[in-house]
Amino acid sequence: MALAHKGLEAETIPWRFTDTEAIAFSGQDKVPVLVDGDSEVHDSWAIAQYLEKKVPAQPLFEGAQARSLAFVLKTWVESTLHGPILRTVILDLFNALHEKDREYFRESREKRFGKPLEEVGGDPKKAAADLRTALLPVRQQLVQEPYVCGQDPGFADYILFGAFQWARAVSPQRLLEPDDPVYAWRERLLDLHGGLARNAKGYEVWS
Ligand SMILES: N[C@@H](CCC(=O)N[C@@H](CS)C(=O)NCC(=O)O)C(=O)O
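Residues numbered from 1 in each chain as written. Predicted model: local features only at pLDDT ≥ 70, side-chain atom pairs only at ≥ 80, totals over all residues. Heavy atoms only, no water.

Asker: With reference to specific residues and values, describe the overall build of the protein chain.
Answerer: Looking only at helices and strands, the protein chain features nine helices and two strands. Reading the secondary structure of the protein chain in the N-to-C direction produces α-β-β-α-α-α-α-α-α-α-α. A compact globule built from 207 residues would reach a C-alpha radius of gyration of about 17 Å, and the protein chain, at 17 Å, matches this within 12%. Seen through its principal axes, the protein chain has C-alpha atoms that stretch 45 × 45 × 30 Å. For the protein chain, the residues scored as buried account for 38% of the 207 residues in total. Counting contacts in the protein chain only where the partners sit at least 6 residues apart, residues at least 24 apart contribute 62% of the total. (Helix = DSSP H or I, 4+ residues; strand = E, 2+ residues; numbered from the N terminus. Rg over C-alpha atoms; globule rule 2.2 N^0.38 Å. Buried < 20%, exposed > 50% of the residue type's maximum accessible area, 1.4 Å probe, protein only. Contact = heavy atoms within 4.5 Å.)

Okay, here's the thing in structure tokens:
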């Protein structure tokens, strides 16, 4: 979304958890990894800073305050929303994985959560309800303005939207109610940049 926001075209390379060799050049084992000529950047926050410097037009952050607040939001999304989203979709995610990734995923996530995947994902409806409760601060903003960043989308919108897009890619579970302002916001994000996100492989969001 950040690349499209900047009007940049990119080739995306499908990747699986155990394809560590494919990104070994980045010196770590997580995606996203951006390759731009001779430059390599990993971590979505670092990539956003790189893009902002490289293409200052169409800013992802309107000034230093917006950048700091976007960082706070990113940390909140990871610490507070990723948990309930993962608990909602984890069993569908596991079933969607390629055979070769399953053992790694089960082992690493069961170690992280300290319990079997089936227990982590045992109550997806409750997990989705927890997510909706946690979304209150974003909802309060989206009652007033169309985007987290105000009248136009910025990186804070994309980092939050990324969590929903991740869920949609692997699971038909309903995360949001249709009358939720966050639902309407997600629809706007799905349609943004020529429907880039809606056209990506994934489940229809519930309506
Ligand atoms: N803070 C990093 C998180 C990177 C991350 O955890 N990526 C996940 C997928 S979105 C991953 O590559 N996981 C691989 C694994 O768990 O082995 C970012 O925002 O880029």
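So much for the structure itself; the text now carries on.
Asker: Describe the site of the ligand, and please don't skip the residues or the numbers.
Answerer: Taken together, F17, K30, V31, P32, D43, S44, E78, Y104 and R109 are the residues near the ligand. Here a nitrogen atom of the ligand sits 2.8 Å away from a polar atom, N or O, in the main chain of V31. Relative to its unbound accessible surface of 520 Å², the ligand loses 69% to contact with the protein. Looking at the shell around the ligand, its residues break down into four nonpolar, one polar and four charged. (Near = heavy atom within 4 Å. Polar contact = N/O pair within 3.5 Å; in protein donor to acceptor, adjacent residues only side chain to side chain. Areas by Shrake-Rupley, 256 points an atom, 1.4 Å probe, with all protein chains shown as cover. Nonpolar A, V, L, I, M, F, W, Y, C, P; charged D, E, K, R; others polar.)

Asker: How would you sum up the packing of aromatic side chains? Please name residues and give values.
Answerer: Scanning the entire structure with this criterion turns up ten aromatic pairs. When the ring of W45 is compared with that of F71, the centres are 5.1 Å apart and the planes differ by 65°; the resulting orientation is edge-to-face. Of this pair, W45 sits in helix α2 (residues 44–54) while F71 sits in helix α3 (residues 64–96), and the two are 26 residues apart along the sequence. By relative accessible area, which is 14% here, W45 ends up buried. Given a relative accessible area of 39%, F71 falls into the partly exposed group. Through a chain of ring-to-ring contacts, three or more aromatic side chains come together here, namely W15, F17, F94, Y104 and F105. Over the ring of F61 we find R67, and its NZ or CZ is 5.3 Å from the ring centre. Residue placement shows R188 over the ring face of Y147; its charged tip is 5.8 Å from the ring centre. (Phe/Tyr/Trp six-rings, centres within 6.5 Å; stacked < 30°, edge-to-face > 60°. Lys NZ or Arg CZ within 6 Å of the ring centre and 35° of its normal.)

Asker: Which residues make up the nonpolar core, and what are the values?
Answerer: Residues L135, L160, F164 and W185 are the most contacted members of the largest nonpolar core, which totals 50 residues. Going through the elements one at a time, α2, α3, α5 (117–120), α6 (124–134), α7 (136–144), α8 (155–170) and α9 (181–195) are the ones with two or more residues in this core. (Core = buried A, V, L, I, M, F, W, Y, C linked by side-chain atoms within 4.5 Å.)

Asker: Can you lay out the pattern of salt bridges for me, pointing to particular residues and giving the numbers?
Answerer: Under the counting rule described, the total for this entry stands at 15 salt bridges. Across the pair D19 and K100 runs a salt bridge, and its minimum N-O distance is 2.6 Å. Placement of D19 in the loop between α1 (2–5) and β1 (33–36) and of K100 in helix α4 (residues 99–113) is noted, with a sequence separation of 81 residues between them. Assessed through its relative accessible area of 23%, D19 is described here as partly exposed. R106 is the salt-bridge partner of E110, the closest N and O atoms lying 2.7 Å from each other. Separated by four residues within a single helix, E110 and R106 lie in helix α4, roughly one turn from each other. Judged by relative accessible area, E110 falls into the partly exposed class, the value being 22%. Overlapping salt bridges bring together R87, K126 and D130 as one network. (Salt bridge = Lys/Arg side-chain N within 4 Å of Asp/Glu carboxyl O.)

Asker: Residues and numbers for the environment of T75, please.
Answerer: For T75, the location among the structural elements is in helix α3. It is 18 Å that separates the C-alpha atoms of T75 and Y147, two residues lying 72 residues apart in sequence.

Asker: An account of α4 is needed here, citing residue identities and associated values.
Answerer: Spanning 15 residues, α4 covers 22 Å between terminal C-alpha atoms, matching the ideal 21 Å at 1.5 Å per step. Here α4 has its buried residues at D101, F105 and R109. Lining the buried residues of α4 we find α3 and α5. (Expected span 1.5 Å × (residues − 1).)

Asker: Before we move on, could you go through α8 and cite the residues and values that matter?
Answerer: The first and last C-alpha atoms of α8 sit 23 Å apart over 16 residues, in line with the 22 Å expected at 1.5 Å per residue. The sharpest bend along α8 measures roughly 25° and falls at F161. Counted residue by residue, α8 has 13 buried out of 16 residues, so it is predominantly covered. (Bend = angle between axes of the 7 residues up to and from the residue.)

Asker: Break down the environment of G162 for me, citing the residues and quoting the values.
Answerer: Secondary-structure assignment places G162 in helix α8. Between the alpha carbons of G162 and V77 there is a distance of 9.7 Å; along the sequence they are 85 residues apart.

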